[in-house]
Each structure stands twice: as structure tokens, then as C-alpha cells.
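Here are the chains, one letter per residue:
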Amino acid sequence: MSVGAILLAGGTGKRLGLDLEKPLVPLVGRPLFAWSLEALERCNAVQGIVVVGPPGKLHEMLSTCGFAAVKVVAWVDGGRERRDSVANGLKALPPEYDVIAVHDCARVLVTPTLIARVVADAVANGASIAAIPLEDTLKRGTIHRIDATVPRTGLWRAQTPQVFRRDWLEQAHTIPRSGATDDAMMVEACGHQVRITEGDSLNFKVTTPHDLALAGAWLTARAG
């Protein structure tokens, strides 16, 4: 099977306290999105990549990533919502890619090894996502009181990449669905079984200034 990847590189840097598109936020000498793009480039399981970015910024992204993105087959504008951006990426991927990996560029510490493991599970089973089991005790309540302790057995924190048979993902995107927070939820709603591939605690999403500093420290440590 031929595997294509959709790299979601949209969003703003407001929660990072920056007046800059999130994928272009500087991180250890290159824009934030370039770290995830490099991991996809280095993963032998991925043959082609579509980068979905902020409208009007794709040329800037290409010129600043810092390496030759030889697997990139298209650069397209993102949509209003996450699902719109994934749909744009799907349309841009040539039909020969029959397995699709979707990854958020904000998960900058993703590794080629993790990508390859999720792809292998999806190829064997139809769909799989990276996820890690919950370790903290969960409480339901308000800032003032605890109403209940929630059993954490069987609960996982979903990550990306999320990898699917192309026809399953395309089917999921033909059905209007509000409230879906990831592609796996949409594919599940179509009746397809999605497998879990154990992810990596370092594969966290850069959302806050603390996350950005932590990711920078880990990237520097890897390089050193």
C-alpha cells in the first residue's frame, strides 16, 4: 500500500502569546511546523506529504523550513475548521495513496519510528491512532468541590498521527458531523473499528508558552 500524509500546519500563536501564525513560530532555529515535516520526510513508511497551512503563507513556509522537502506533493490552504483542512489535504493527495496519515504540526517531537508503528497497525487493521494511557487520577467537579472520582481504566489520551484507509477517511468526511474533535471520532461514527497504537509521552501538543519551552529543551537535547 502507498501511504500519504496530511500535515496540519494551521492555527494562530495567540495562546503562545505571539502575534504570528503558529506553524511559523520559531523553535530551535526553524519554524515550528518544520520539525513534524522532517519526521514525516525521514519516515520510510510515508511516500508523499501534503502540507495544509495558513492561507497566503505557504510560500513563506516552504522557503523557511530549512531542508529539501522532497516528499511534499502539494501545499494547500487550510479551512475554517480542522475537518475542513483535512478535507483540503485529502483532495490534494493523488489517488495512488490508499492509506492516509493525519498529523498535527504542533506535535513537534513525533518520531519517524512512532509514525511507522501507527502506519503498520493501520495497514494491518484499517485504522489506528497513537495514544497513551491515562496515568493521573481523574476527578469530576468544579473549582470548589469534587463530585466524583472517575475510573481511569481503559482511558487513553489521543495523539497524532492518526492513520486510516483512504476510503474510510473519505467516507467520514462526506457525513456532516458537529462536535468531532479528531478524525478517529468521525471514522468511528461510520462504524469502523479504530485500533490504538501506544504513543509517546513526549509526543505532546505545543499549545502554551510552557509547552514551547519544553519542546525546545527536548529538541536541543536530542541534537546535542
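Here is a short report on the structure shown in this document. In this convention, every chain numbers its residues from 1, walking through the sequence in written order. Given that this is a predicted model, residues contribute local features only at a pLDDT of at least 70 and side-chain atom pairs are listed and counted only at 80 or more, while totals for whole chains, interfaces and linings are drawn from all residues. Side-chain numbers here rest on the full set of heavy atoms in the structure, without hydrogens or water.

1. With respect to the pairing of strand β4 (residues 48-53)
Link 1 in the chain: Each residue is assigned to one of three classes by its accessible area relative to the maximum for its type, calculated with a 1.4 Å probe on protein chains only: buried under 20%, partly exposed between the two thresholds, exposed over 50%. Counting from the N terminus, the helices are the DSSP runs of H or I reaching at least four residues and the strands are the DSSP runs of E reaching at least two. The buried fraction of β4 is high, at six of six residues.
Link 2 in the chain: Burial along β4 is two-sided: G48, V50 and V52 and I49, V51 and G53, pointing in opposite directions, are all buried.
Link 3 in the chain: For two strands to be treated as a pair, DSSP must find at least two bridges joining them. Sheet analysis places strand β1 (residues 3-8) next to β4, joined by five bridges and oriented parallel. Looking at the pairing, G4 lines up with G48 of β4.
Link 4 in the chain: Of the pairings in the sheet, the one linking β4 to strand β5 (residues 72-77) comprises five bridges and is parallel in character.

2. Some details on the environment of K71
Link 1 in the chain: When you line up the elements, K71 lands in the loop between α2 (58-64) and β5.
Link 2 in the chain: Look at K71 and you get buried, because its relative accessible area is 15%.
Link 3 in the chain: For the pair K71 and H103, spaced 32 residues apart in the sequence, the C-alpha separation amounts to 15 Å.
Link 4 in the chain: Residue contacts are defined here by distance: any two heavy atoms, one from each residue, within 4.5 Å place the two residues in contact. Not counting residues up to four positions away in its chain, the partners in contact with K71 are L40, E41, C43, N44, V46, Q47, G48 and I49.

3. Some thoughts on the nonpolar core
Link 1 in the chain: Residue types Ala, Val, Leu, Ile, Met, Phe, Trp, Tyr and Cys, when buried and joined through side-chain atoms within 4.5 Å, form a set referred to as a nonpolar core. Counting residues in hydrophobic clusters, the biggest one holds 43 residues, and the most contacted among them are L37, V46, I49, V51, V108, I115 and V206.
Link 2 in the chain: Those elements giving two or more residues to this core turn out to be β1, α1 (32-42), β4, α2, β6 (99-104), α4 (112-125) and α7 (209-223).
Link 3 in the chain: Considering each element in turn, this core owes the most residues, seven residues, to α1.
Link 4 in the chain: Excluding residues within four positions of it along the chain, V108 makes contact with L27, L32, W35, S36, F204, V206, A215 and L219.
Link 5 in the chain: Judged by nonpolar contacts, the second largest core, of 24 residues, contains V86, L93, I129 and A172.

4. Topic: the pairing of β1
Link 1 in the chain: Of all six residues in β1, six are buried, a share of seventy percent or more.
Link 2 in the chain: Burial of the side chains of β1 extends over both faces: V3, A5 and L7 are buried on one face and G4, I6 and L8 on the other.
Link 3 in the chain: Alignment of β1 against β6, held across six bridges, turns out to be parallel. The residue bridging V3 from the neighbouring strand is V99, located in β6.

5. Focus on the packing of aromatic side chains
By convention here, two paired aromatic rings are described through the distance between centres and the angle between planes.
Link 1 in the chain: Ring pairs shown here join Phe, Tyr and Trp side chains whose ring centres sit within 6.5 Å, with only the six-membered ring taken for Trp; geometry is labelled stacked below 30 degrees between planes, edge-to-face above 60, and tilted in between. Taken as a whole, this structure holds one aromatic pair when the rule is applied.
Link 2 in the chain: Here F33 and W75 contribute two aromatic rings whose centre-to-centre distance is 6.4 Å and whose plane-to-plane angle is 80°, an arrangement assigned as edge-to-face. Of the two residues, F33 sits in helix α1 while W75 sits in strand β5, which places them 42 residues apart along the sequence.
Link 3 in the chain: The class of W75 is partly exposed, set by a relative accessible area of 22%.
Link 4 in the chain: Charge over a ring is defined by NZ of Lys or CZ of Arg lying within 6 Å of the ring centre and within 35 degrees of the ring normal. Here the basic side chain of R30 rests over the ring of W35, its NZ or CZ set 4.2 Å away from the ring centre.

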